[in-house]
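# Examination of the molecular architecture
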Amino acid sequence: MRATVIHAPHDIRVEEVPDAAIQRPEDAVVRVLRACICGSDLWAYRGEAARKPGQRIGHEFLGIVEETGSAVTDLRAGDLVVAPFMWSDGTCEYCAEGLFTSCEHGGFWGSVGHDGGQGEAVRVPHADGTLVKLPAEAVSDDHLLTGLLALSDVMGTGHHAALGAGVREGSTVAVVGDGAVGLCGVLAAKRLGAERIIALGRHTVRTDIAKLFGATDVVAERGEAAEAAVRELLGGRGAHAVIEAVGTEQSMRTAVNITRDGGAIGYVGVPHGSGTGLDLGVMFDRNITLRGGVAPVRAYIPELLKDVLSGVIDPAPVFDRTVSLDEVPDGYRAMDDRSALKVMIKP
């Protein structure tokens, strides 16, 4: 089969690799219908996250079950399924607590020795604990299928950030980051009943999506100017809930400085240089809570799935470019130079 591999920074290739195949009784093989490129994939692309030459890449996909191992009981060939960005057994102590990303037998797509999502097919370990079945009729609805793809990562991650920030009915929310996760954070905050949502972003195409998703205000400034603008909008007190969806020192510093005393930050931006942006003394003095981390999206897919199917939420607009498998390297370049927000792949 053909799949995307990374050989070095800025060296993404689509190559022939061994076919995805059952190796253990708990496995399933999924033929990929939709996949996508994540902002976190760009850290490997830019050389800021280590990868072995020839390693697979990609962790967001949905598709059709082609084959199941002898121990798989909840799935059968022909099922339409979505995969969260990590696999998990669904039975260990962490999974029972809803923290699927800490599963004792879990792992990350594209890790050494495993298929990545950006290919023609994927071997799925612990298929019963990992995959979520989708309505079969969704396969013929292109827009719906696009929205369902967002459940593999960005929609669940935005929701995780909103929960970490304590978003609730009537709250005021500020969202740092105008990437797909930040925009899904806006959508998640609106879904949870936020009354006012301030999106921080400088790119009109992206802030227009933020407004579509429920943002009531947009702040285009950065750094101290952004902090002043947010506080001016909120009478000098800051936001009850702040979503941090970037992971840099500046973004974390901004998040802390626009949080209202007694408020909370939900952080889901993959940290890259953000350690010095966190002043525990300031957070202690102002009673600011910090919650977040790797989103256990497998825990959130069932409830979010209902709302996508009913039309309550529609995350599909975060995908603004579609490429074939052969065009995946072009998709990486487009996201890297910010000419694309989030690239969808149709193998």
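Above: the structure in question.
Here the residue numbering is sequential within each chain, running from 1 through the sequence in written order. Totals for whole chains, interfaces and linings use all residues, but because this is a predicted model, local features are given only for residues with pLDDT of at least 70 and pairs of side-chain atoms are given and counted only at 80 or more. As a rule here, side-chain values cover all heavy atoms of the structure and leave hydrogens and water aside.

## Digging into the overall build of the protein chain
Helix and strand definitions follow DSSP, with helices as H or I runs of at least four residues and strands as E runs of at least two, each counted in order from the N terminus. Along its length, the protein chain carries 12 helices and 18 strands. A principal-axis box enclosing the C-alpha atoms of the protein chain has dimensions of 60 × 40 × 35 Å. In this description, contact between two residues means that some pair of their heavy atoms is separated by no more than 4.5 Å. Considering only residue pairs separated by 6 or more positions, the protein chain has 70% of its internal contacts joining residues 24 or more positions apart. Throughout, the Shrake-Rupley method with a 1.4 Å probe supplies accessible areas, and for residues the shown protein chains are the sole cover considered. For the protein chain, the accessible area works out to roughly 14,100 Å², and carbon and sulfur atoms hold 49% of it.

## Some details on the sheet that holds strand β12 (residues 196-200)
One bridge is not enough; two strands pair if DSSP finds at least two bridges between them. Read across the sheet, 6 strands follow the order β13-β12-β11-β14-β15-β16 without closing on themselves; strand pairing throughout is parallel. The outermost strands of the open sheet, each flanked by one partner alone, are β13 (217-219) and β16 (289-292). This sheet shows a mean twist of 20° between the axes of neighbouring strands, independent of strand direction. Summarising the sheet, strand β15 (residues 259-267) and β16 pair through 4 bridges and their orientation is parallel. Following the sheet pairing, Ala264 is matched in β16 by Thr289. The convention used is that axes are lines fitted to C-alpha atoms, helices contributing only their stretch in contact, and that angles between N-to-C directions extend from 0 to 180 degrees.

## A closer look at the pairing of strand β14 (residues 239-244)
In regular strands, side chains alternate between the two faces of the sheet. Remark: exposure states derive from per-residue accessible area (1.4 Å probe, protein chains only) relative to the maximum for the residue type, with buried under 20%, exposed over 50%, and partly exposed in between. Judged by how many residues are buried, β14 sits mostly within the fold: 5 of 6 residues are covered. Relative to β14, strand β11 (residues 172-176) runs parallel, the two sharing 4 bridges. If you follow Val175 over to β14, its bridge partner there is Ile243.

## Here we look at the pattern of salt bridges
When a carboxyl oxygen of Asp or Glu lies within 4 Å of a side-chain nitrogen of Lys or Arg, that pair is called a salt bridge. Using the criterion set out here, one finds 19 salt bridges in the structure. Close ionic contact of Arg46 with Asp336 constitutes a salt bridge, the shortest N to O distance being 2.6 Å. Taken together, the positions of Arg46 in the loop between α1 (41-45) and β4 (55-56) and Asp336 in helix α12 (residues 328-336) put the pair 290 residues apart, joining distant regions of the chain. Asp336 sits in the partly exposed class, given a relative accessible area of 25%.

## Regarding the sheet that holds β4
Strand order in the open sheet formed by 3 strands is β2-β1-β4, and the pairing between neighbours is antiparallel. Each edge of the sheet is formed by a strand with only one pairing partner; in this case those strands are β2 (11-16) and β4. Pairing between strand β1 (residues 2-8) and β2: 6 bridges, direction antiparallel. Bridge assignment links Ile6 to a residue of β2, and that residue is Ile12. Sheet strands in contact with α12 are β1 and β2, and its direction is about 160° off that of β2.

## Details of the side chain of Arg123
Mapped onto the elements of the fold, Arg123 is located in strand β9 (residues 121-124). Looking at Arg123, its side chain comes within polar contact range of the side chain of His114, at 3.3 Å. Within 3.5 Å is the distance limit for a polar contact, defined as a pair of N or O atoms, with the added protein rule that one can donate a hydrogen and the other accept it, and that residues adjacent in sequence qualify only through two side-chain atoms.

## Focus: the packing of helix α4 (residues 142-149) against helix α11 (residues 297-310)
The description of two packed helices rests on the angle between their axes and on the distance between the axes. At their nearest, the axes of α4 and α11 sit 10 Å apart, and the two run at 160° to each other. As judged from the angle between their axes, α4 and α11 are roughly antiparallel. Crossing of α4 against α11: the hand is right-handed. Contacts from Leu144, Gly147 and Leu148 in α4 reach Leu305, Val308 and Leu309 in α11. For this classification, Asp, Glu, Lys and Arg are treated as charged, while Ala, Val, Leu, Ile, Met, Phe, Trp, Tyr, Cys and Pro are nonpolar and the rest, including Gly, are polar. Residue classes in the contact of α4 with α11 are distributed as 5 nonpolar, 1 polar and no charged. Should an angle fall under 35 degrees it is called roughly parallel, over 145 degrees roughly antiparallel, and 65 to 115 degrees roughly perpendicular, with every other angle called oblique. By the definition used in this description, the sense in which the near helix is turned from the far one sets the handedness, with an anticlockwise turn below a right angle giving left-handed and a clockwise turn giving right-handed.

## Here we look at helix α7 (residues 204-213)
Within α7, the full set of buried residues consists of Arg206, Thr207, Ile209, Ala210 and Phe213. Along the long axis of α7, the arc covered by the buried residues comes to 150°, so they all point the same way. Along α7, exposed side chains directed more than 90 degrees from the buried face belong to Thr204, Val205 and Leu212. Against the buried residues of α7 lie α6 (180-191), β12 and β13. Starting at the helix axis, one direction is taken to each C-beta atom, and the arc is that of these directions.

## Let's talk about the packing of aromatic side chains
Think of it this way: a Phe, Tyr or Trp ring, Trp meaning its six-membered ring, pairs with another when their centres are within 6.5 Å, and the plane angle makes it stacked under 30 degrees, edge-to-face over 60, tilted otherwise. A full pass over the atoms with the stated rule returns 4 aromatic pairs. Consider the rings of Phe85 and Phe108, whose centres lie 6.2 Å apart with planes at 65°: the pair is edge-to-face. Of the two residues, Phe85 is situated in the loop between β6 (80-83) and β7 (86-87) and Phe108 in strand β8 (residues 107-108); the sequence distance between them amounts to 23 residues. The class of Phe85 is buried, set by a relative accessible area of 7%.

## Things to note about the nonpolar core
We define a nonpolar core as any set of buried Ala, Val, Leu, Ile, Met, Phe, Trp, Tyr and Cys residues linked to one another through side-chain atoms lying within 4.5 Å. Counting residues in hydrophobic clusters, the biggest one holds 52 residues, and the most contacted among them are Leu62, Leu148, Met155 and Val173. When residues of this core are assigned to their parent elements, the largest contribution, 8 residues, is made by α6. Every residue in contact with Leu148, bar those within four places of it in the chain, is listed here: Leu62, Val82, Leu134, Ala138, Leu305, Val308 and Leu309. Within the second largest apolar cluster, 32 residues are counted, among which are Ala28, Val30, Ala334 and Val343.

## Some words on the environment of Asp320
Relative to the assigned elements, Asp320 resides in the loop between α11 and β17 (321-324). Owing to a relative accessible area of 37%, Asp320 belongs among the partly exposed residues under this scheme. Expressed as a C-alpha distance, the spacing of Asp320 and Gly58, which sit 262 residues apart in the sequence, is 18 Å. Residue contacts for Asp320: discarding those within four places in its chain leaves Ala340, Leu341 and Lys342. Polar side-chain contacts of Asp320 include one of 2.8 Å to the backbone nitrogen of Leu341. There is a polar contact of 3.1 Å between the side chain of Asp320 and the backbone nitrogen of Lys342.

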